[in-house]
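The residues making up each chain are set out below.
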Amino acid sequence: MSKEILGQAVTRLDARDKAMGRIKYTDDLCDKGALVIRVLHSTVANGIVKKIDTSEAEKIPGVVRVFTCFDIKEKHYFPTAGHPWSTDPHHQDIADRLVMTDRPLFYGDDIGAVVAEDEVAAAQAIRVLEKSVEYEELPFVLDAQEAMKEGAPLLHEDFPNNVLTHTEIHMGSVEEAIKEPGLTKVEGWYHTQPVQHCHIENFICYAYGEGDRTVVVSSTQIPHIARRVIGQALGMDWGKFRVIKPYVGGGFGNKQDVLYEPLCAWISIQMGGRLVKLDVPREETFICNRIRHEIKYHITSWMRPDGSFAARTMKAWVNNGAYSSHGHAIAAKGLNAFPQLYPCDNIDGETWTVYTNRSVAGAMRGYGMPQASYAFECHAEDCARAMKMDPLEFRRKNLMPVGYYHAFSKNELYSDTFNQCFDKGAEIIGYYDKVKEYANQTGDIRRGIAVSTYWYNTAVYPIALETSSCRIVMNQDGSVQFQLGETEIGQGADTVAAQMISDTLGIPLDMVHPVSCQDTDVTPFGTGVYASRGTYTLGFSIKQTALLLKQKVLEAANQFTRMPVYNLDIVDGNIIRTTDGRKLMTIGELALEKLYTTEGSQHLTAESTYQIRSNAYSFGCCFAEVEVDIPMCRVRLLNIVNVHDCGQVINPMLASGQIHGGQSMGIGYALSEKLLWDAKTGKPLNNNLLDYKMSSFMDHPRLVADFVENYEPTSAYGTKGLGEPPVCPVAPAIRNAIGQATGLYINELPLSPHTLFREFTDAGLINDSFAE
Amino acid sequence: MATQLLMAKSPEEAVNNKTATAAFLAGGTEVNRLGSDIAVKADMLISLKKCSGLSDITEADGYITIGSMCTFQDLIESDTVPCYLKEAAHFMASRTKRNMATIGGNIASLRSDSYLIPTLMAVGAVLEMEGNNGSCRIGIAEYVDRSEADALITSVTVPKEIKVISRRFANTAQSHAVLTMSAALTEEGIWLDGAVKNVGLLHFCDLEKAFREDPDISEEAIIEMVRVCTGLHTADDMFGSDTYKRYLIAVTAYDLHKRLVGKEV
Amino acid sequence: MDRQYKVVHCTINGKKVEQVVDVRASLTDMLRNDFRLTSVKKGCEVGECGACTVIINGEGFNSCIYLAVWAEGKDIWTLEGLTGPGGELSDIQQAFVDEGAIQCGFCTPGFIMTSWEIVNSGKEYTDDELRKALSGHLCRCTGYENIFRAVKKTMLRHLGKYDEAELVNSQGITEYPEPMPFK
């Protein structure tokens, strides 16, 4: 059976409970008696809080306490990113936040909080308080390049020109290389917009005292990191806090930041350990949690007549919002990818991460790669067109070749992944026929088809620590519970992990039980899920720990069967003598005997940590086919096919679900989503699900997901990252398809009717008397 | 913030209790949502759910009369309601909201992204109103002009046989519309009405006149008319630029007219 | 002004109940707080995400914008009520499990309630109509793909079209479909 369980589309272990509605998320677990916290947010984009008059708010029936930024006596600045901590100060995340601040840096910054008996009283108090704040308003800046100019408002004193970090890479000499005769220069600006994660469960946490410690239950991807940050934010020992993560209603990177856990814990402590709940309304989730970075890329390539690259440059300006959160990591990922995706001997790259007076940008599915992929793959298309080459053949010619080795990360491209994915995707969607069919169209309604790829690697080695810990505990019947630091947030980590344990331990899947709820008091240390690392990293600690346990089981079996360990194995829940395949006893009989034997009783359990010092490329592609109604400036996505190589697919049903979700997020990114701020006031304009719309049921075509399976040699189970990659190639594929249909290649997202209108009028595709 | 609720048993009771600080509450999709100005400004909400006689759909002399508390889904499922109105009701993409939102509520909220009003204006719908001075009937265009917040819409009457086409433009199926436009063909010619986001509910008289005077008028001429129209107060906002909205009005009007009078219907 | 309270009598998941509520309380709050029916989820509180959907007198409603007092005399069903007394899943629940229509699970209760209304309507919806009927629920995990398949298959089985339901099947990897007709 062991060969069968990996690669099987078993249903999620939590699916039944979720279908019954009995899975408990954070709010479902909180006692009804909890006091309710509502955060008072700044209504200026940059300023100083002079005074907050709390007297009126305190009179409202049901209001228990009002806290303001002036109640913070000791200022402990803390970092919020869900990164593994570094004991080396030079590699630590920037600590620039306070639980409440008198120096708000964006519209929505946290300047106070109300604690009330119910939501209604809290909401009333917030309305009153908003009118009771005296600000000294300061000029603000919303755009990254504007923020770098002399005289722009400075957000953080230690960061001149608001530049959080500026990094460069140089390979060969661009200056020399472009002297080569016969080169074609292609350059473009590529601009992506800020969007939000929109997990359906908003961020929520609650806190209460227990002994001399504080327990925080939180909807987070990173419980162990959250505990560390709470300690840092409150200036207390980390062990004074216990963080519990129940089931999570989606994270997508937003919950890879520490959001309001420190404030909630602080308030509980101020109130003697009272149970307090901080449930973030959707409006605040949009602007007071994290968002995706807006990035402007500028890319130039010099092409030889044969379509190869002589030299390439890129520059990127990354709008980070008011606080560092993940800092320069998002920009760095794009910069790192640039020379790898389309390798070239002569490369200059430069990127700036810039503070602005906007909502804080952090991690979001893809971690900078949807932006970078948009820029890189729009540009690749532009290069192919300039060289009059088929865009797909152009990519095949120039993409990272098989055998490519990256010295820093030690990543190697072991398989012909790109071509295999292209071939499969092209066949599914009928790419070559349609490219011909859609060439040279006229008329109002036109179709187009195109492809895009991306660069991605799994996990965060060697930039940061990669570690995974696992504990497996055997019951008297031979079934096991397991615990991991890699959190289940909806992606199916528990199920995939159980399949791995079942495989390695040799017991049926229904004998493997995840302890899904992470608790920093109980769960072995782990940094959570992000960077598409889950299936890759947990595999190492699972295999190591399952083998440890297996060894213990077989040693115990030796006691009862008298057979040497090297002649024993566990198959399908039975202790087998390998020499003749005879079943000697069931694992249940063994576990029972071992626990209750009066000679050498032992609790069969294993726990281990594995530090991962490898990483793996994870590539794929997206084909998109569109129909464009030119006069009405509308795009209809007809077909979308993603093909990914994530190594061995442990569970095809869950894996294709990851692709569908990424495609869906990519469709919204490409066509409709954009967070907006008022240029005059810095106020967010569309921070609710009425005005900001992710794509709904009727906006989707059928989503087609497929795989190329090249066993990843560095991996414990042949797997590599899949969570984030599917979102990366979608927007550029749609952009390129619109280009094929209309001849207009638009370098801005989203490709909404209004954007198309502007581009179509400018190009004279529609009546140009309206040209803006 | 409204803390009081009156469950009115009849339209009369609802109207009698309507003070300046009270607001009518129909299906709830507008008033009950978080952030609704209406519920924040009012002291009391007057729920119409238990009002008798507001949910009937009847037919007489070629006209259909629809009770104001009929939901969008009621309209869609009715055998009597004309198809053009069902089409407009379908503009509300969410089924669960269609089960709640009412025709009367959608009219009374006078939203500039109204689902139904453009269609109702194009067909010259007549509203039966219950006010402090008894009941009266007014055309929907008049209602839109002078919004009688204290009077209650009890029913909406629309013609059964009329050629109407409606269009809605939004970024996604569930987004607010930047433009909803309806055109109806009557004996007097084409009637053209629309809802333009953040501009309002508009009756496009000039365009109607242009189409009547020259049924073969070119698209370019219509575009130029709308482009320079000073009576149209569109502005740049998050739903699109001034020019985008004008362009969309023009090409949609032209397209609807062409389909209505031509053979493309 | 002081808050006003009222007693609501209704049937929830087949059981007659009465409850004092603030007249401005939403049905979501009453079901979650007073009856601990936590399958009813809060996602947006503006009636857009559909996570709070419950069935009232046979029709799906966004309970977050439905006043609790409106429930007077109504027959209300939440996801907890669809499971049989011995833990048996109804066919639509089972289809969500089997087809991989569930990921984080937060939108799932609302989706299942609307789907339950659809499959029990006795109607055969076209693909396009099904998408329209399910619109009003937002999901960020699944792209709606497997949800669509779960609902369609269950609908067909309810109509006795078992063979046709099996043709919809493509476990895990979706076979390439025909393009949707352009309207």
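Residues numbered from 1 in each chain as written. Chains lettered and ligands numbered in written order. Predicted model: local features only at pLDDT ≥ 70, side-chain atom pairs only at ≥ 80, totals over all residues. Heavy atoms only, no water.

Q: For this particular structure, what's the right way to read the packing of helix 8 (residues 223–234) of chain A against helix 9 (residues 261–270) of chain A?
A: The description of two packed helices rests on the angle between their axes and on the distance between the axes. Residues and elements named next belong to chain A. Interaxial distance between helix 8 and helix 9 falls to 9 Å at its minimum, and their mutual angle equals 55°. Compared by their axis directions, helix 8 and helix 9 come out oblique. Taken as a pair, helix 8 and helix 9 cross one another with a handedness that is right-handed. The segment helix 8 lies against helix 9, with Ala 226, Ile 230, Ala 233 and Leu 234 engaging Glu 261, Pro 262, Ala 265, Trp 266 and Ile 269. In terms of residue class, the contact of helix 8 with helix 9 is made up of eight nonpolar, no polar and one charged. (Axes fitted to C-alpha atoms, helices over the stretch in contact; angles between N-to-C directions. Helix = DSSP H or I, 4+ residues; strand = E, 2+ residues; numbered from the N terminus. Parallel < 35°, antiparallel > 145°, perpendicular 65-115°, else oblique. Left-handed = near helix turned anticlockwise from the far one by under 90°. Contact = heavy atoms within 4.5 Å. Nonpolar A, V, L, I, M, F, W, Y, C, P; charged D, E, K, R; others polar.)

Q: Mind showing me how you'd approach the domain arrangement of chain C here?
A: By a frequent convention, interface size equals the accessible area lost on bringing the separate parts together. All names here are of chain C. Segmentation of chain C into domains returns domain 1 (5–81) and domain 2 (91–167). For domain 1 versus domain 2, the distance between C-alpha centres works out to 22 Å. Contact with domain 1, which involves 16 residues of that partner, is made by 12 residues of domain 2. For the pair domain 1 and domain 2, the summed buried surface comes to about 1200 Å²; carbon and sulfur atoms form 67% of the total. (Domains from an automatic or database assignment. Buried area = accessible area lost by both parts, 1.4 Å probe.)

Q: Help me understand the side chain of Asn 615 of chain A, please; the structure alone is not making it clear to me.
A: All names here are of chain A. Tracing the chain through its elements places Asn 615 in the loop between strand 25 (605–611) and strand 26 (619–629). A distance of 2.7 Å separates a polar atom in the side chain of Asn 615 from the backbone oxygen of Tyr 461. Ignoring anything within four residues of it in the chain, the contact list for Asn 615 reads Asn 411, Asn 457, Thr 458, Ala 459, Val 460, Tyr 461, Tyr 536, Glu 712 and Thr 714. (Polar contact = N/O pair within 3.5 Å; in protein donor to acceptor, adjacent residues only side chain to side chain.)

Q: I keep staring at the nonpolar core and nothing clicks. Help me out?
A: Nonpolar side chains tend toward joint burial in soluble globular proteins. Residues Ile 267, Phe 376, Phe 623 and Ile 734 of chain A, Leu 192 of chain B together with Phe 96 of chain C are the most contacted members of the largest nonpolar core, which totals 242 residues. Tallying contributions element by element places helix 11 (residues 242–261) of chain B first for this core, with 10 residues. Not counting the four nearest positions on each side in its chain, Ile 267 of chain A is found in contact with Ile 37, Phe 67, Ala 113, Val 115 and Val 276 of chain A. In terms of nonpolar packing, the next biggest core, distinct from the first, is built from 46 residues, Ile 5, Leu 484, Ala 557 and Ile 650 of chain A among them. (Core = buried A, V, L, I, M, F, W, Y, C linked by side-chain atoms within 4.5 Å. Buried < 20%, exposed > 50% of the residue type's maximum accessible area, 1.4 Å probe, protein only.)

Q: What am I meant to see in the packing of aromatic side chains here?
A: The way to describe two aromatic rings as a pair is by their centre distance and the angle between their planes. Residue and element names in this part refer to chain A. Tallying each qualifying case throughout the model produces 28 aromatic pairs over all chains. Aromatic pair Phe 106 and Tyr 323: ring centres 6.2 Å apart, planes at 80°, arrangement edge-to-face. Of the two residues, Phe 106 is situated in the loop between strand 3 (63–68) and strand 4 (110–116) and Tyr 323 in the loop between strand 13 (309–321) and helix 11 (329–341); the sequence distance between them amounts to 217 residues. For Phe 106, a relative accessible area of 1% puts it in the buried group. In this structure, Lys 333 packs its charged tip against the face of Tyr 456, placed 4.1 Å from the ring centre. The ring of Tyr 717 has Lys 543 sitting right over it, with the charged end atom 4.5 Å from the ring centre. (Phe/Tyr/Trp six-rings, centres within 6.5 Å; stacked < 30°, edge-to-face > 60°. Lys NZ or Arg CZ within 6 Å of the ring centre and 35° of its normal.)

Q: When you look at the interface of chain A and chain B in this model, what are you seeing that I'm missing?
A: Between chain A and chain B, the residue contacts involve 28 residues of the former and 29 residues of the latter. Summed over both partners, the interface of chain A with chain B buries about 2600 Å², with 67% contributed by carbon and sulfur atoms. Here chain A is connected to chain B by zero salt bridges. Where chain A packs against chain B, one counts five residue pairs in polar contact (both at pLDDT 80 or more). When the residues that make up the side of chain A that touches chain B are grouped by side-chain class, the tally is 13 nonpolar, eight polar and seven charged. (Salt bridge = Lys/Arg side-chain N within 4 Å of Asp/Glu carboxyl O.)

Q: Help me understand the sheet that holds strand 23 (residues 574–577) of chain A in this model?
A: Pairing between the strands of a sheet is mediated by backbone hydrogen bonds and can be parallel or antiparallel. All names here are of chain A. What the three strands build is an open sheet, ordered 22-23-24; its pairing is antiparallel. In this open sheet, the two strands that pair with only one neighbour each are strand 22 (568–571) and strand 24 (582–586). The sheet shows a mean angle of 35° between the axes of neighbouring strands, direction not considered. Here strand 23 pairs with strand 24 via four bridges, running antiparallel. Directly across from Arg 577, in strand 24, lies its bridge partner Arg 582. (Pairing = 2+ DSSP bridges.)

Q: Before we go on, may I ask you to explain the pairing of strand 6 (residues 126–131) of chain B in this structure?
A: Looking down a regular strand, the side chains alternate between one sheet face and the other. Residues and elements named next belong to chain B. Summarising the sheet, strand 6 and strand 7 (residues 134–139) pair through six bridges and their orientation is antiparallel. The partner of Gly 131 across the bridge, within strand 7, is Gly 134. Taken together, strand 6 and the strand that follows it, strand 7, pair antiparallel across an intervening segment of two residues. As judged from the five bridges shared by strand 6 and strand 8 (residues 152–159), these two strands associate in the antiparallel manner. Considered in strand 8, the bridge of Met 129 is made with Ile 153.

Q: Explanation requested: the sheet that holds strand 26 of chain A in the structure shown.
A: Residues and elements named next belong to chain A. The strand order across the open sheet formed by four strands is 17-26-27-28, and the pairing between neighbours is mixed. In the strand order of this sheet, the two ends are held by strand 17 (445–453) and strand 28 (703–707), each with one partner. The average angle at which neighbouring strand axes cross in this sheet is 15°, direction not considered. Bridge analysis of strand 27 (residues 634–645) against strand 28 gives five bridges, and the strand direction is parallel. Paired with Val 641 across the strands is Val 704, a residue of strand 28.

Q: For this particular structure, what's the right way to read the domain arrangement of chain B?
A: All names here are of chain B. The domain architecture assigned to chain B consists of domain 1 (4–47), domain 2 (57–159) and domain 3 (163–261). The C-alpha-based centres of domain 2 and domain 3 are spaced at 21 Å. Taken residue by residue, the interface counts 19 residues in domain 2 and 25 residues in domain 3. At the boundary of domain 2 with domain 3, total buried surface from both sides reaches about 1700 Å², with 63% on carbon and sulfur atoms.

Q: What should I look at first to understand the interface of chain A and chain C in this one?
A: In this complex, chain A contributes 74 residues to the contact, which on the side of chain C involves 58 residues. Roughly 5700 Å² is buried in total at the junction of chain A and chain C, and carbon and sulfur atoms are behind 57% of that figure. When residues of chain A are sorted by the area they lose upon contact with chain C, Ile 200, Phe 697 and Arg 702 of chain A head the list and together hold 16% of the total. Where chain A meets chain C, there are seven salt bridges. Put simply, Glu 48 of chain C and Lys 693 of chain A hold a salt bridge, and the shortest N to O gap is 2.6 Å. Across the chain A-chain C interface, the total number found is 30 residue pairs in polar contact (both at pLDDT 80 or more).

Q: Which parts of the structure should I look at to understand the pairing of strand 3 (residues 44–47) of chain B?
A: Residue and element names in this part refer to chain B. In the sheet, strand 1 (residues 4–7) pairs with strand 3 via four bridges, with the strands oriented parallel. Residue pairing across strands places Leu 6 opposite Ile 46, the latter belonging to strand 3. Bridging between strand 2 (residues 22–25) and strand 3 involves four bridges; their strand directions are parallel. Its bridge partner lying in strand 3, Phe 24 is registered against Ile 46.

Q: Would you mind showing me how to read a positive patch on the surface here?
A: A cluster of basic residues, Lys 9, Lys 49 and Lys 50 of chain B together with Lys 6 of chain C, forms a positive patch on the protein surface. On the secondary structure map, Lys 6 of chain C appears in strand 1 (residues 5–12). (Patch = residues over 30% accessible without salt bridge, like charges linked within 9 Å, V, L, I, M, F, W, Y side chains within 5 Å. Areas by Shrake-Rupley, 256 points an atom, 1.4 Å probe, with all protein chains shown as cover. Lys, Arg positive; Asp, Glu negative; His and termini not counted. Charge placed at Lys NZ, Arg CZ, Asp CG, Glu CD.)

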